[in-house]
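Each chain, letter by letter, is given below.
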Amino acid sequence: MIDVRVKTFLTVCSYMNFTHAAEKLHLTQPAVSQHIKYLEKYYGTTLFIREKRNLTLTPAGEILRHALEAMQNDESTIQKRIQESMTGQKTLTFGVTMTIGEYAVVPALARFIKQHPETNFHIRYGNTQVLLNALKNGSIDFAIVEGYFPTNYYHTRIYRTEEYVAVTAKNHNFAGPVRCLQDLTKECLLIRESGSGTREILTRMLALNNLSVSDFPHYVEVENIHTIVSLLKQDCGISFLYKTAVEKELQRDQLELIHLPDMKIQHDFTFLWNKGSIFSDEYERICMELQMR
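Residues numbered from 1 in each chain as written. Predicted model: local features only at pLDDT ≥ 70, side-chain atom pairs only at ≥ 80, totals over all residues. Heavy atoms only, no water.

**What about the overall build of the chain?**
In terms of helices and strands, the chain carries eleven helices and eleven strands. By principal-axis analysis of the C-alpha atoms, the chain measures approximately 70 × 55 × 25 Å. Residue burial in the chain is summarised as follows: out of 293 residues, 47% are buried. Within the chain, contacts between residues at least 6 apart in sequence are counted, and of these 74% link residues at least 24 apart. Per element, the accessible surface of the chain, about 15,700 Å² overall, is 50% carbon and sulfur. Computed over 32 positive and 33 negative side-chain charges, the inter-centroid distance for the chain is 4 Å. (Helix = DSSP H or I, 4+ residues; strand = E, 2+ residues; numbered from the N terminus. Buried < 20%, exposed > 50% of the residue type's maximum accessible area, 1.4 Å probe, protein only. Contact = heavy atoms within 4.5 Å. Areas by Shrake-Rupley, 256 points an atom, 1.4 Å probe, with all protein chains shown as cover. Lys, Arg positive; Asp, Glu negative; His and termini not counted. Charge placed at Lys NZ, Arg CZ, Asp CG, Glu CD.)

**Thoughts on the packing of helix 1 (residues 4-15) against helix 4 (residues 59-85)**
Remark: helix 1 packs on helix 4, axes separated minimally by 10 Å, with the N-to-C direction vectors making an angle of 120°. The chirality of how helix 1 crosses helix 4 is left-handed. Contact residues: helix 1 offers Val6, Lys7, Phe9, Leu10 and Cys13, while helix 4 offers Gly61, Leu64, Arg65, Leu68, Glu69 and Gln72. A per-class count over the contact of helix 1 with helix 4 returns six nonpolar, two polar and three charged. (Axes fitted to C-alpha atoms, helices over the stretch in contact; angles between N-to-C directions. Left-handed = near helix turned anticlockwise from the far one by under 90°. Nonpolar A, V, L, I, M, F, W, Y, C, P; charged D, E, K, R; others polar.)

**Brief notes about the nonpolar core**
By size, the foremost hydrophobic cluster in this structure holds 40 residues, and its most contacted members are Ile144, Leu184, Phe240 and Phe271. Every residue in contact with Leu184, bar those within four places of it in the chain, is listed here: Ala166, Phe174, Val178, Phe216, Ile238, Phe240, Ile258 and Leu260. One finds Ile2, Val12, Phe48 and Leu57 within the second-largest nonpolar core, a separate group that totals 18 residues. (Core = buried A, V, L, I, M, F, W, Y, C linked by side-chain atoms within 4.5 Å.)

**Thoughts on the layout of surface pockets**
Taken as a whole, the largest pocket holds about 440 Å³ of empty space. For the largest pocket, the lining is made up of 22 residues, of which His66, Ala67, Glu69, Asn152 and Tyr153 are closest to its centre. Those elements giving two or more residues to the lining of the largest pocket turn out to be helix 4 and helix 7 (128-136). The element that contributes the greatest number of residues to the lining of the largest pocket is helix 4, accounting for ten residues. Across the lining of the largest pocket, the residue classes tally to nine nonpolar, seven polar and six charged. (1 Å grid on protein atoms, 1.4 Å probe; cavity = no way out; pocket = protein on both sides within 12 Å on 5 of 7 lines; lining within 4 Å. Points joined across faces, edges and corners; volume = space filled by probe spheres on them.)

All we've got here are geometric facts, nothing functional implied.
Written out as structure tokens, the structure is:
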């Protein structure tokens with residue numbers, strides 16, 4: 001059972017405000033302060049820096065926050081597993097990003113489901129940032145993501161590595177000769193929303209070439225990879241995405257790759273879960289099983 005002082009600490013971390021945390025917990029502000037002082041004495045360090053009205057975590061506070069979040073999430077999983085033991089059914093809840101869920105993991109997932117008929121599955125779709133938040137608050141057990149994330153907070157395993165490409169409709173008429181990445185800034189750009197791993201990779205790639213999304217005269221932001229592919233087939237612009245998302249369209253000559261000498265990118269699809277979880281061995285075994293061909 002999670003100690004009430006731990007819940008107080010995590011609530012203060014969420015609000016970064018003692019008054020708001022006290023209101024959320026239905027405690028007095030002095031009681032909240034006492035809980036934090038107890039933890040600071042117990043761990044022998046300062047957990048928060050108080051400057052006027054601003055409250056921030058110390059490095060020690062950050063370490064404690066992530067450790068206690070993992071403990072809190074594990075406790076929720078333990079409670080769930082105990083209830084499931086009474087029915088003989090187990091439930092796994094995990095997240096996948098749009099590209100991975102729609103194009104990369106379905107065959108492996110189908111095999112895994114058939115091999116575990118006693119298990120129920122909740123599969124949640126979301127962009128990378130949404131799934132990282134879901135891991136943090138314990139609403140999913142693990143995730144497979146395609147974007148960037150702070151590696152010190154998660155246990156990770158590379159699920160697979162994919163090619164990241166520029167693509168457009170077959171026989172697309174470009175605004176001018178295309179010799180390098182910058183030449184594409186004359187085109188309409190079809191992009192995923194902020195928080196998407198596909199978008200983050202593009203943003204970083206453009207930055208390395210001293211470019212940004214704002215350098216494109218027009219763009220269309222879409223929260224669904226299928227819609228982007230459909231718009232590409234209708235010759236509505238160009239896009240940057242994982243090759244696995246357009247393999248069929250490339251084979252059918254509906255789309256074509258834009259070959260750029262200054263763009264050769266591969267990126268990992270990463271299986272991850274909260275660092276410090278007591279269920280780490282189980283999640284790692286699941287990852288290995290999904291990777292089997």
